[in-house]
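Survey of secondary and tertiary structure
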Amino acid sequence: MGNKKVCSIILIAALAMGIMNPTSALRKAAAKIKLNKTSVTLNTGYTIALKVKGTKKKATWTSGNTQVATVTQKGKVTAKSAGTTKITAKIAKKKYTCIVKVKDTSTDDSNSATTISDNFEKLKTYIQNNGSLAADGYHFIEDMSTGIVYILSYTEQNGIPVFMFLSKQFDENGSILYYNAMALTPVLSTGSVVSYCYAKLNPDNDEFSVGYQAKTNIDPKTFTKGTMLTFGVLDNVLGRENPAIQEVSNRMLSTAFDAWGFMLLKGEISWADLGFMAY
């Protein structure tokens, strides 16, 4: 039998095997799909990026216990509190998992402070590289996609870095209604929030003034998504009842926190990275 005939027979046999067993190639392709890590240990506040290798298909990410670690739909894992959980990437009907063990570093103040300080430095660089420079010298990033203006900004006061988180809501005529400002000073590990409501004092002109001012302190270590802060009320020109001011101020802050958090994620930074471990 000639060499050409032998080669033809082998080729036909190989094709026949492929036709008779079409799942063989699929199994081989599936075997190549995997996570870049199947287990990892993180300290609280740290993050890691998980990726699915071997496919371009989009994965759906979930955490078995969001109290221990959370995961974004881009695979970014943030360690929240001590424990172990499973991070799962699902593609079609297949699941790929990574075991995440989180160690609590809250008792190690020096390590925690260093990590948070590094993350604030990362935020500073992100704002400077991707934002604008205001006339008075502070750098800022602005987002107006929702109709409410949200701002992340950085400046220094007496040599101390200060990060300002701002939100501004306007009426249909473009006049400001509500204004929230949160200042974080990583060196002092403290934060303060001021909530303003603007009111039109004279219906015959466009003059606006502060309807009331509500101010409170915020503790990043204990603040959570459901925390109701108590605001001290000043300059209550509108004469609003205190419960109404508390409700509006907390609701506006909660909405702003979600929007600010989304802006932070664009720079691959989470609230936990900045010391808000419980949020």
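Below you will find a few notes about this structure.

Parameters at a glance
- Residues numbered from 1 in each chain as written.
- Predicted model: local features only at pLDDT ≥ 70, side-chain atom pairs only at ≥ 80, totals over all residues.
- Heavy atoms only, no water.
- Helix = DSSP H or I, 4+ residues; strand = E, 2+ residues; numbered from the N terminus.
- Contact = heavy atoms within 4.5 Å.
- Areas by Shrake-Rupley, 256 points an atom, 1.4 Å probe, with all protein chains shown as cover.
- Pairing = 2+ DSSP bridges.
- Axes fitted to C-alpha atoms, helices over the stretch in contact; angles between N-to-C directions.
- Expected span 1.5 Å × (residues − 1).
- 1 Å grid on protein atoms, 1.4 Å probe; cavity = no way out; pocket = protein on both sides within 12 Å on 5 of 7 lines; lining within 4 Å.
- Points joined across faces, edges and corners; volume = space filled by probe spheres on them.
- Nonpolar A, V, L, I, M, F, W, Y, C, P; charged D, E, K, R; others polar.
- Domains from an automatic or database assignment.
- Core = buried A, V, L, I, M, F, W, Y, C linked by side-chain atoms within 4.5 Å.
- Buried < 20%, exposed > 50% of the residue type's maximum accessible area, 1.4 Å probe, protein only.

We now examine the overall build of the protein chain. Along the protein chain, the regular secondary structure elements total four helices and 17 strands. Of the contacts made within the protein chain by residues no fewer than 6 positions apart, 45% connect residues no fewer than 24 positions apart. Of the roughly 16300 Å² that the protein chain leaves accessible, carbon and sulfur atoms contribute 54%.

Taken in spatial order, the three strands line up as β3-β7-β6 in an open sheet, and their pairing is antiparallel. Only two strands of the sheet have a single neighbouring strand rather than two, namely β3 (47–49) and β6 (69–71). This sheet shows a mean twist of 20° between the axes of neighbouring strands, independent of strand direction.

On to unusual backbone geometry, then. Positive phi values are uncommon outside glycine, yet A92 reaches one of about 55°. With respect to the helices and strands, A92 occurs in the loop between β8 (83–91) and β9 (94–103). The phi dihedral of D235 falls on the positive side, at around 50°, and the residue is not glycine. Positionally, D235 belongs in the loop between β17 (232–234) and α4 (242–266).

A separate point is the sheet that holds strand β5 (residues 60–63). The strand order across the open sheet built from four strands is β2-β9-β8-β5, with neighbouring strands paired in mixed fashion. The sheet is open, and its two edges are formed by β2 (39–43) and β5, each paired on a single side. Within the sheet, the average angular offset between the axes of one strand and its neighbour, ignoring direction, is 25°. Here β5 runs beside β8; their pairing, made up of four bridges, is antiparallel. For T60, the partnering residue across the bridge sits in β8 and is K90.

Now for the pairing of β8. One ladder, built from nine bridges, connects β8 with β9; its direction is antiparallel. Along β9, the bridge assignment pairs K86 with I99. Count of turn residues in the β8/β9 antiparallel hairpin: two residues, of which A92 carries a positive phi of about 55°.

Residues in a regular strand point their side chains to alternate faces of the sheet. Sheet topology note: the strand β12 (residues 149–157)/strand β13 (residues 160–170) ladder contains nine bridges and is antiparallel. Counterpart to Y150 in the pairing with β13 is S167.

Our next topic: α4. Look at α4: 37 Å from first C-alpha to last across 25 residues, which is about the 36 Å you get at 1.5 Å a residue. Just downstream of α4 lies E268, where phi reads positive at about 55°.

This part covers the layout of surface pockets. Approximately 490 Å³ is the volume found for the second largest pocket. Looking at the second largest pocket, it is lined by 21 residues, and the ones nearest its centre are T72, K74, K76, L265 and E268. Among the residues making up the lining of the second largest pocket, the classes are represented as seven nonpolar, seven polar and seven charged. Two domains each provide a minimum of three residues to the lining of the second largest pocket, namely domain 1 (34–103) and domain 2 (109–274).

Attention now moves to the nonpolar core. Counting residues in each nonpolar core, the largest one holds 38 residues, and the members touching the most others are L123, F165, F257, W260 and W271. Counting residues per element, the ones that place at least two in this core are α3 (109–130), β12, β13, β14 (176–185), β15 (190–200), β16 (208–218) and α4. The element contributing the most residues to this core is α4, with 10 residues. Among residues more than four places away in sequence, those in contact with F165 are L123, I151, L152, N180, A181, M182, L184, W260, L264, W271 and L274.

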